[in-house]
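# Working through the structure, step by step
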Amino acid sequence: MSFLLIGLLIIALILLNKNDLIGKVGAENFLARKLKNAEWFQNPWLSGIFLFFINALLFGLTIFVLTLFAFVAMHFPIPFLHIVIMFVAALSSIYVWMAIHHAENPGRKERFITGTVGSSFYFLLMFVFIFRMAALEPNTPERDTAMEFFGLAFAAIVAFTAFITCLAITAFPAKRSRRE
């Protein structure tokens, strides 16, 4: 529970400092340059679908690494490595979203379409977790549904947080500081 709260606090700090962090990623990073030069990426629907699949790929990669870690952890008990893996996955996703932010079309409507379509992966994932919570069967001696419910609830919260964060970073332009 405390890791979830710490994670939410970190995401809140990232969103509060979004403009500074987006500036630090820079418009000249490799991914932003490649996407900005791709003609298809200037279509907000195609860039949104690209972001959707990037989010799915990053999520799938994280699940794969966590599954691989589960097999390794059977032989070498390394505490809290799964939390480090999830933290690195979250930071990687945020970095990719900021790079995509630099490559996007500057129009508000186009950014909103791209961000909404792309972040909808996490919105759909949240509904999958909520549906699985609702479809839990009654408790049996060999299955602890209370822990499964709490795990699915945390997963739904994390998916919703990823949806909001992706949408905030990709759909809404960074405000310029008054010093500029």
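Summarised in this report is the structure supplied together with it. (Residues numbered from 1 in each chain as written. Predicted model: local features only at pLDDT ≥ 70, side-chain atom pairs only at ≥ 80, totals over all residues. Heavy atoms only, no water.)

### Let's talk about the overall build of the protein
In plain terms, the rule: In DSSP terms, a helix is any run of H or I states spanning at least four residues, a strand is any run of E spanning at least two, and both are numbered starting from the N terminus. Buried residues are those whose accessible area, probed at 1.4 Å on protein chains only, stays under 20% of the maximum for their type, while exposed residues exceed 50% and partly exposed ones sit between those limits. Pairs of residues are marked as contacts when any of their non-hydrogen atoms sit within 4.5 Å. What sets the accessible areas is the Shrake-Rupley method with a 1.4 Å probe; for residues, cover comes only from the shown protein chains.
A tally of helices and strands in the protein yields 7 helices and 0 strands. For the protein, the succession of helices and strands along the chain, N to C, is α-α-α-α-α-α-α. Residue burial in the protein is summarised as follows: out of 180 residues, 34% are buried. Contacts in the protein between residues far apart in sequence, at least 24 positions, make up 78% of those at least 6 positions apart. Accessible surface, the protein: about 11600 Å² in total, of which carbon and sulfur atoms supply 73%.

### A look at the nonpolar core
Put simply, the test is: Residues grouped as a nonpolar core are buried Ala, Val, Leu, Ile, Met, Phe, Trp, Tyr and Cys residues, joined through side-chain atoms within 4.5 Å.
Counting 31 residues, the largest nonpolar core has Phe 41, Ile 94, Trp 97, Ile 100, Tyr 122, Leu 125 and Phe 129 as the members making the most contacts within it. Going through the elements one at a time, α1 (2-16), α3 (30-37), α4 (44-75), α5 (81-103), α6 (108-134) and α7 (145-171) are the ones with two or more residues in this core. Residue contributions to this core peak at 10 residues, all from α7. Excluding residues that lie within four positions of it along the chain, Trp 97 makes contacts with Leu 51, Asn 55, Tyr 122, Ala 162, Thr 165, Cys 166, Ile 169 and Thr 170.

### Here we look at the packing of α6 against α7
The condition is simple: Here, axes are lines fitted to C-alpha atoms. For helices the fit covers the stretch in contact, and angles between N-to-C directions go from 0 to 180 degrees. If an angle is under 35 degrees, it is roughly parallel; if it is over 145, roughly antiparallel; if it lies from 65 to 115, roughly perpendicular; otherwise it is oblique. Under this grouping Gly is polar, as are all residues other than the nonpolar Ala, Val, Leu, Ile, Met, Phe, Trp, Tyr, Cys and Pro and the charged Asp, Glu, Lys and Arg.
Packing of α6 against α7 brings their axes to within 8 Å, and their N-to-C directions diverge by 175 degrees. Here α7 runs roughly antiparallel to α6, going by the angle between their axes. Here the contact of α6 with α7 is composed, by residue class, of 20 nonpolar, 5 polar and 3 charged.

### Digging into the layout of surface pockets
We count it as follows: Two kinds of site are reported from a 1 Å grid over the protein atoms alone, namely cavities, where a 1.4 Å probe fits but cannot get out, and pockets, open sets with protein on both sides within 12 Å along at least five of seven lines, and residues are called lining when an atom falls within 4 Å of a point. Grid points are joined across faces, edges and corners, and a volume is the space filled by probe spheres set on the points.
Counted as a void, the largest pocket has a volume near 1100 Å³. Lining the largest pocket are 36 residues, with Leu 4, Met 86, Phe 87, Ala 90 and Val 158 positioned closest to its centre. Secondary-structure elements contributing two or more residues to the lining of the largest pocket are α1, α4, α5, α6 and α7. Of the residues forming the lining of the largest pocket, the biggest block, 10 residues, is contributed by α5. Tallied by class, the residues present in the lining of the largest pocket amount to 29 nonpolar, 7 polar and no charged.

### Re the packing of aromatic side chains
Definition in use: Centres within 6.5 Å are what make two rings of Phe, Tyr or Trp a pair, Trp counting through its six-membered ring; a difference in plane orientation under 30 degrees is then read as stacked, over 60 as edge-to-face, and the rest as tilted.
Summed over all chains, the structure comprises 13 aromatic pairs. For the pair Trp 40 and Phe 50, a centre-to-centre distance of 5.3 Å together with 65 degrees between the ring planes defines the contact as edge-to-face. Of this pair, Trp 40 sits in the loop between α3 and α4 while Phe 50 sits in helix α4, and the two are 10 residues apart along the sequence. The interplanar angle of 80 degrees and the centroid separation of 5.6 Å between the aromatic rings of Phe 52 and Phe 53 together place this pair among those described as edge-to-face. Given the relative accessible area of 55%, Phe 53 is considered exposed.

### Thoughts on the pattern of salt bridges
Where charged atoms from two side chains of opposite charge approach closely, those side chains can pair. Under the convention used in this document: For this analysis, a salt bridge means a side-chain nitrogen from Lys or Arg found within 4 Å of a carboxyl oxygen belonging to Asp or Glu.
Tallied over the full model, the rule gives 1 salt bridge. For the salt bridge of Glu 148 with Arg 132, the shortest nitrogen-to-oxygen distance reads 3.7 Å. Of this pair, Glu 148 sits in helix α7 while Arg 132 is found in helix α6, placing the two residues 16 residues apart along the sequence.

### Regarding α6
Inclusion rule: Here the expected span of a helix is defined as 1.5 Å times the quantity of residues minus one. Here the bend at a residue means the angle between the axes of two seven-residue stretches, the one that ends at it and the one that starts at it.
Taking 1.5 Å of rise per residue, the 27 residues of α6 would be expected to cover 39 Å, and the 37 Å separating its terminal C-alpha atoms lies within 8% of that figure. At Ser 120, α6 shows its maximal bend, which comes to roughly 40 degrees.

### What about a nonpolar patch on the surface?
The condition that has to hold: Patch membership is restricted to residues that have no salt bridge and whose relative accessible area is over 30%. Joining uses 9 Å for like charges and 5 Å for the nonpolar side chains Val, Leu, Ile, Met, Phe, Trp and Tyr.
A surface patch of nonpolar side chains, about 620 Å² in accessible area, is lined by Leu 5, Leu 8, Met 147, Phe 149, Phe 150, Phe 154 and Ile 157. Looking at the nonpolar patch, the elements that each hand over two or more residues are α1 and α7. With 5 residues, the single largest contributor to the nonpolar patch is α7. By secondary structure assignment, the location of Phe 149 is in helix α7. Note on Phe 149: relative accessible area 37%, which makes it partly exposed.

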